[in-house]
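Structural overview
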Amino acid sequence: MILLTHFDQPVDDAQHAFRRILKALSEPGVLISLPHSRGWPPLNPAATSILLTLADQETPLYLAPVLNSDAVQQNVRFHCGAPLTASISTSSFALFDHEITEDLLANCPAGNELSPEHSTTVILQAENLHHGVPLRLRGPGIEHYRTVAPQLPSAVLNYLLNRPAAFPAGLDFLLTCGENLMAIPRTTHVEVC
């Protein structure tokens with residue numbers, strides 16, 4: 001077993017990370033940093049912090065094949081206790097990189113009108129949270145609008161622009177790069193600037 005580092009102060013760091021993740025979700029498009037300075041390769045530090053904070057025994061996790069190493073599996077099981085699933089249709093969290101496809105997103109549970117909580121939270125390891133297609137965000141947590149430009153795979157960009165599931169169903173996105181996080185929850189309306 002290859003155990004990799006976790007939070008230096010597990011309780012304090014997890015509480016700090018939880019508050020930061022809530023800030024990102026309540027203020028879509030705001031860039032925040034998370035406390036884990038080292039990731040579990042090939043996971044970046046922010047994705048590792050999210051798993052250490054949110055994943056547990058009741059949240060099945062789907063790992064994209066390129067991110068699904070033995071070391072990551074062992075550390076998710078040991079530190080988080082989250083069950084790993086090979087079927088994205090049963091996942092609470094799904095972790096992807098830039099190779100995500102529209103078919104994968106279409107297979108993520110989006111919840112429904114009566115049970116929106118049965119949707120997948122998509123954690124995406126983006127190549128950059130700047131220098132992408134400029135997007136205008138509107139909705140809860142944004143006074144007028146917020147402009148962001150994360151480098152998103154075309155599948156994610158198309159999903160955000162077209163939102164195939166009717167609210168309150170839909171996917172929440174946690175975009176990570178290095179130690180940084182930007183959230184675009186299902187309540188956010190996205191359009192190209």
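Going by an unreviewed UniProt entry, the protein chain carries the name Phosphonate C-P lyase system protein PhnH and comes from Yersinia rochesterensis.

Within helix α5 (residues 154–162), the full set of buried residues consists of A155, V156, L157, Y159 and L160. Against the buried residues of α5 lie α4 (102–107), β4 (121–125), β5 (135–138), β7 (172–177), β8 (180–184) and β9 (189–192).

Of all 5 residues in β4, 5 are buried; the element is thus mostly enclosed. Burial along β4 is two-sided: T121, I123 and Q125 facing one way and V122 and L124 facing the other are all buried. Two elements, strand β3 (residues 93–96) and β4, share 4 bridges in a ladder whose sense is parallel. The partner of L95 across the bridge, within β4, is I123. Viewed along the sheet, the connection from β3 through α4 into β4 turns out right-handed. Sheet analysis places β4 next to β7, joined by 5 bridges and oriented parallel.

The peptide bond linking P41 to P42 adopts the cis configuration, its omega dihedral lying at 10°. Mapped onto the elements of the fold, P42 is located in the loop between β1 (32–33) and α2 (45–54). Cis geometry marks the peptide bond from F167 to P168, where omega comes out at 15°. Topologically, P168 is positioned in the loop between α5 and β7. Here the phi dihedral of H131 falls at roughly 65°; this positive angle occurs in a residue that is not glycine. Mapped onto the secondary structure, H131 falls in the loop between β4 and β5. Residue classification places H131 among the exposed positions, given a relative accessible area of 67%. Backbone geometry at R163 places phi at a positive 35°, although glycine is not the residue there. Mapped onto the elements of the fold, R163 is located in the loop between α5 and β7.

Calculation notes
Residues numbered from 1 in each chain as written. Predicted model: local features only at pLDDT ≥ 70, side-chain atom pairs only at ≥ 80, totals over all residues. Heavy atoms only, no water. Buried < 20%, exposed > 50% of the residue type's maximum accessible area, 1.4 Å probe, protein only. Helix = DSSP H or I, 4+ residues; strand = E, 2+ residues; numbered from the N terminus. Contact = heavy atoms within 4.5 Å. Pairing = 2+ DSSP bridges. Right-handed = clockwise from strand over helix to strand, strands pointing away.

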